[in-house]
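Residue-level structural notes
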Amino acid sequence: MSTGSCPVDHSAMAAAGCPVSANAAAFDPFGEAYQADPPEAVRWSREEEPVFYSPEIGYWVVTRYDDVKAVFRDNVLFSPSIALEKITPVSEEATATLAKYGYAMNRTLVNEDEPEHMPRRRALMEPFTPEHLAGHEPMVRKLTREYVDRFVDAGKADLVDEMLWEVPLTVALHFLGVPEEDMETLRRYSIAHTVNTWGRPSPEEQVAVAEAVGKFWQFAGTVVEKLRQDPSGPGWMPFSIRAQREQPDVITDSYLHSIMMAGIVAAHETTANAAANAIKLLLENRSVWEELCADPALIPNAVEECLRHSGSVAAWRRLVTADTTIGGVPIPRGAKLLIVNSSANRDERHFDNADAFDIRRENASDHLTFGYGSHQCMGKNLARMELQIFLEELTTRLPHLELVPDQEFTYLPNTSFRGPDHLWVQWDPSANPERSDRSVLRRHRPVRIGEPSTRAITRTVTVESVEPAADGVVTLTLTDGTGKPLPAWSPGAHIDLDLDGLSRQYSLCGDPADTRRYRIAVLREPESRGGSRYVHERLRPGSTLTLRGPRNHFRLDPAARHYVLVAGGIGITPIIAMADHLRSAGASYELHYCGRTASGMALLDRARRDHGERLTVHCGEEGGRLDVTTLVAEERDGVQVYACGPERLLAALEEQAESWPADTLHIEHFTSIKRELDPTVEHGFDVELADSGLTVHVGPGQTVLAALRAANIDISSDCEEGLCGSCEAPVLDGDVDHRDLVLTKAERAANTVMMTCCSRACGSKLTLGL
Ligand code: HEM
Ligand code: FES
């Protein structure tokens, strides 16, 4: 069925013919390929034609990450008003049936235009904030446990029918504050509503569905009325009824009625499908499932990676309100857009090795499964909580779970909501851990509310060798405990090791081409509180360690004409990896290595052997101190200096760099500059969020990062002390008081980004591109 005619004027191009490509003409989101795997079905588009017109559905289709995000970002140019339009045209009979029930579903947040949308979203946001969501954790946990109790001894279950469908619906009803006695009926009706909006019911089915939807509408009205009698209880609906008293013009009666119905739909099937997709994906990648069983701290990031890789919302819709271009393609006013967020989530331009399922992916939570900007899913953190608890409960109680082999997965044919209709799993109940150890039932980790912390993304490595490298220095060689390749790294990268409860950073100094092992050199610090002492005294071949990273915020700029590398003492580790790289790339470089005694300079033999004349050794006991004033000669343009070493050396270089062109000096700090915020000295300020349409106040004792998170804005972080660069946010306006060690002088002066964990506003306001 072709629902759209080609929007291009053919009369002007008779010779060239219609410009809709063969692939675009063949695209059908109800066809087999898209139904089987949406991002795969539009791979051709991501690669060749990222914005195309589909005559089959009469929509323009957008498939690349940047374009999809740009559409989400601008909710005025790209109106969400068609987001819930029925995808299958409704028969007259069904419309009459709905009218019989006075069905008057109104705009509800998700499909509402400005200026109405934002005041409502703000007025209704509070119950979704992390602080309030924390109160729901025990309820979600209890429900999940009760459902698992029902089948844990059965040995086989359809997880969708026996748990994943009902728990999110019941959580949604609790969250909404619906009285228990009404839950069963609403549960039945909400299923009909889903079919009504997203499904492809036949004309006869449409009437039956319309009957149920009409009843759902009436019943939702009754529940609202009942709650209105006493709106003092917990939940989003009583909260909204109370908010209506404060702002009756913003939250109207018909609006309350509509969100009662739409809230259930928004919260239910999205989450049920996301959970089924996640468990299916994990069991299909059995070794990953086992990693989660062994280390539940990986669950929050695994949830994000599941939402990225196989999310439950495959595509969303927007209406173009003025002539514009998307990804360079002219799009007329009135065009309808199908923005394929599941395809954006597999875009190589944003996610390295995007098709791979990697639960340690650091930017997994950049996925667009929850949308983005001012309409971004308000319930995302409730959904994340449910998914984390489901995975924790199942990996703890049924670690031996496996998919029933050879089952065929079926999906409700539709463009957007995606999850298997059934998910059959099996296990040997006699091997259930709780049969031999009841304590597994008491074990649980607190839920991570919000986007995951990269701190929790760890892997276990084995020490292959510990070898002396200089006085007080050993080199450690680490391999993956399971024999798998380790993640790739580039010169300048470091890893974080957990050493006897302390986290310590070490630069990698081995060969990046060797993916089987990492090498680091560790100096025994005289004042060691345990980190380096532990390495020297306790680690032996065969010991295991927990590692995070690698991460690189000390990257070589490939564009330099000449590189000056400066290492002081153990600071040689990142520098030697850089020197090796420059040598094999045939670049122009020189290497300066400073130390007090030759016998204390690690990797000196290797530096001499591999870097010969490029190397100058500045050894204190031989009177060879480095003169920083002569480092950069007259011909300064295109010279870059990279330095790592003691703070004294770095400070001298920083002073000298004042006379060098901007951005000449790059230094690696490992020392925290973290200082407690003193509210008596700091001032509060407002942060306006251009994409989300919010203004957030940052108190004098609060970081921007903390204020953003409290307002439900996703922003990742790692070190939270200005060292790593992961909490970066784009700055659109306002002067930043930069307090990090990540940005260069020139970057600070450009004032286009800031590190939200430590930097602040100079004045009373900043505008960020979030
Ligand atoms: C909006 C996805 C769970 C409540 C949205 C949007 C998407 C989405 C794609 C539209 C975003 C946009 O236009 O930018 C999901 C997914 C979920 C989920 C994938 C589960 C994995 C929930 C839950 C709730 C909820 C549990 C409620 C408790 C909402 C609301 C909106 C929304 C109220 C409208 C926000 C607005 O337009 O201002 N969701 N959702 N969602 N979602 Fe969710
Ligand atoms: Fe590391 Fe902000 S979290 S710089």
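Just so you know, these numbers come straight off a predicted model, no measurement behind them.

What counts, and at which threshold
Residues numbered from 1 in each chain as written. Chains lettered and ligands numbered in written order. Predicted model: local features only at pLDDT ≥ 70, side-chain atom pairs only at ≥ 80, totals over all residues. Heavy atoms only, no water. Helix = DSSP H or I, 4+ residues; strand = E, 2+ residues; numbered from the N terminus. Rg over C-alpha atoms; globule rule 2.2 N^0.38 Å. Buried < 20%, exposed > 50% of the residue type's maximum accessible area, 1.4 Å probe, protein only. Contact = heavy atoms within 4.5 Å. Areas by Shrake-Rupley, 256 points an atom, 1.4 Å probe, with all protein chains shown as cover. Lys, Arg positive; Asp, Glu negative; His and termini not counted. Charge placed at Lys NZ, Arg CZ, Asp CG, Glu CD. Pairing = 2+ DSSP bridges. Near = heavy atom within 4 Å. Nonpolar A, V, L, I, M, F, W, Y, C, P; charged D, E, K, R; others polar. Axes fitted to C-alpha atoms, helices over the stretch in contact; angles between N-to-C directions. Parallel < 35°, antiparallel > 145°, perpendicular 65-115°, else oblique. Left-handed = near helix turned anticlockwise from the far one by under 90°. 1 Å grid on protein atoms, 1.4 Å probe; cavity = no way out; pocket = protein on both sides within 12 Å on 5 of 7 lines; lining within 4 Å. Points joined across faces, edges and corners; volume = space filled by probe spheres on them. Phe/Tyr/Trp six-rings, centres within 6.5 Å; stacked < 30°, edge-to-face > 60°. Lys NZ or Arg CZ within 6 Å of the ring centre and 35° of its normal. Arc of directions from axis to C-beta. pLDDT = per-residue confidence, 0-100.

**Digging into the overall build of the protein chain**
Of the regular secondary structure elements, the protein chain holds 26 helices and 28 strands. A compact globule built from 770 residues would reach a C-alpha radius of gyration of about 27 Å, and the protein chain, at 29 Å, matches this within 12%. The C-alpha extent of the protein chain, read off along each of the three principal axes, is 95 × 75 × 60 Å. Burial analysis of the protein chain (770 residues in total) assigns 56% to the buried set. Of all intrachain contacts in the protein chain linking residues separated by at least 6 positions in sequence, the fraction that spans at least 24 positions is 71%. If you sum the accessible surface of the protein chain, you get close to 32200 Å²; carbon and sulfur atoms cover 50% of it. The distance from the centre of the 78 positive side-chain charges to the centre of the 113 negative ones in the protein chain is 3 Å.

**Some thoughts on the pairing of strand E11 (residues 458-470)**
Here E11 runs beside strand E16 (residues 544-551); their pairing, made up of five bridges, is antiparallel. Counted as the bridge partner of Val 461 is Leu 545 from E16. Where E11 meets strand E12 (residues 473-480), eight bridges bridge the pair, whose relative direction is antiparallel. In the sheet register, Thr 462 faces E12, and the bridge partner there is Thr 479. Linking E11 to E12, which pair antiparallel, is a turn of two residues; within it Gly 472 sits at a positive phi near 75 degrees.

**So, the site of ligand 1**
Around ligand 1 sit 28 residues in total, of which His 117, Arg 121, Arg 318, His 375 and Cys 377 are the nearest. Of the residues forming the shell around ligand 1, the biggest block, five residues, is contributed by helix H15 (residues 253-284). Classifying every residue of the shell around ligand 1 gives 16 nonpolar, ten polar and two charged.

**A short note on unusual backbone geometry**
The peptide bond linking Glu 114 to Pro 115 adopts the cis configuration, its omega dihedral lying at 5 degrees. Residue position: Pro 115 is located in the loop between helix H6 (92-100) and helix H7 (117-123). A cis amide bond links Gly 549 to the next residue, Pro 550, at an omega of 5 degrees. Tracing the backbone shows Pro 550 in strand E16. In this structure, Asn 353 takes a positive phi of about 50 degrees despite not being glycine. If you check the backbone angles, Asp 663 has positive phi at about 70 degrees while not being a glycine. By secondary structure assignment, the location of Asp 663 is in the loop between helix H24 (647-657) and strand E21 (665-667).

**As for the packing of H6 against helix H13 (residues 203-229)**
Angle between the axes and distance between the axes: these two values describe a pair of packed helices. The geometry of H6 relative to H13 is characterised by a closest axis approach of 8 Å and an angle of 15 degrees between their N-to-C directions. Judged on the interaxial angle alone, H13 and H6 are roughly parallel. Between H6 and H13 the crossing geometry is right-handed. Between H6 and H13, the contacting residues are Glu 93, Ala 94, Thr 97, Leu 98 and Lys 100 on the first element and Gln 206, Val 207, Ala 210, Glu 211, Val 213 and Gly 214 on the second. Partitioning the contact of H6 with H13 into residue classes produces five nonpolar, three polar and three charged.

**Some details on empty space enclosed by the protein**
Scanning all chains against the criterion turns up four cavities of 30 Å³ or more. Forming the boundary of the second largest cavity are Tyr 34, Gln 35, Pro 38, Ala 314, Tyr 411, Leu 412, Asn 414, Thr 415, Ser 416, Phe 417 and Arg 418.

**Regarding the packing of aromatic side chains**
For the structure shown, the criterion picks out twelve aromatic pairs. When the ring of Tyr 563 is compared with that of Tyr 642, the centres are 6.2 Å apart and the planes differ by 35 degrees; the resulting orientation is tilted. A residue pair is termed long-range when its members are at least 10 positions apart, and Tyr 563 in strand E17 (residues 562-568) and Tyr 642 in strand E20 (residues 639-644) qualify at 79 residues. Exposure class is identical for Tyr 563 and Tyr 642. Each is buried. Cluster of aromatic residues (ring-pair linked, three or more members): Phe 27, Tyr 34, Trp 44 and Phe 52. Directly above the aromatic system of Tyr 372 lies the positively charged group of Lys 69, at a separation of 4.5 Å from the ring centroid. Its end group placed over the ring of Tyr 255, Arg 120 keeps NZ or CZ at 3.9 Å from the ring centre.

**Overview of the sheet that holds strand E22 (residues 685-689)**
The five strands are arranged E23-E22-E28-E24-E26 in an open sheet whose pairing can be described as mixed. In the strand order of this sheet, the two ends are held by strand E23 (694-698) and strand E26 (753-755), each with one partner. Each neighbouring strand pair of the sheet contributes to a mean axis angle of 40 degrees, computed without reference to strand direction. In the sheet, E22 pairs with strand E28 (residues 765-768) via four bridges, with the strands oriented parallel. Counted as the bridge partner of Asp 686 is Lys 765 from E28.

**Considering the packing of helix H9 (residues 137-151) against helix H11 (residues 166-176)**
Where H9 contacts H11, the axes come no closer than 10 Å and their chain directions differ by 150 degrees. Relative to H11, the element H9 lies roughly antiparallel. Regarding H9 and H11, the two cross each other, and that crossing is right-handed. Contacts between H9 and H11 involve Met 139, Val 140, Leu 143, Thr 144 and Tyr 147 from the former and Glu 166, Val 167, Thr 170, Val 171 and His 174 from the latter. Residue classes in the contact of H9 with H11 are distributed as six nonpolar, three polar and one charged.

**Some remarks on the environment of Leu 109**
For Leu 109, the location among the structural elements is in the loop between H6 and H7. Judged by its relative accessible area of 9%, Leu 109 is buried. Spatially, the C-alpha atoms of Leu 109 and Met 378 are 9.7 Å apart, while their sequence positions differ by 269 residues. Excluding residues within four positions of it along the chain, Leu 109 makes contact with His 117, Arg 120, Arg 121, Trp 236, Tyr 255, His 375 and Met 378.

**Things to note about the sheet that holds strand E10 (residues 424-426)**
Sheet strands pair by backbone hydrogen bonding; their relative direction is either parallel or antiparallel. Read from one edge of the open sheet, three strands run E4-E10-E9, paired in antiparallel fashion. The sheet is open, and its two edges are formed by strand E4 (156-158) and strand E9 (402-403), each paired on a single side. One ladder, built from two bridges, connects E9 with E10; its direction is antiparallel. The partner of Leu 403 across the bridge, within E10, is Val 425.

**Focus: H6**
Turning to H6, its buried residues are Ala 94, Thr 97 and Leu 98. Projected onto a plane normal to the axis of H6, the buried residues spread over an arc of 100 degrees and lie on a single side. Looking at H6, the residues exposed on the side facing more than 90 degrees away from the buried face are Glu 92, Glu 93, Ala 99 and Lys 100. Each element contacted by the buried residues of H6 is listed here: H13. Looking one or two residues beyond H6, the residue adopting positive phi is Gly 102, at roughly 65 degrees.

**Comments concerning the confidence of the model for the protein chain**
A low pLDDT means the predicted coordinates there should not be read in detail. When pLDDT is averaged across the protein chain, the result is 89; 95% of the residues are at 70 or more. Scored below 50 in pLDDT, residues 10-17 shows three contacts in the model against residues more than four places distant or in partner chains. Listed scores for the predicted complex are pTM 0.84 and ipTM 0.97.

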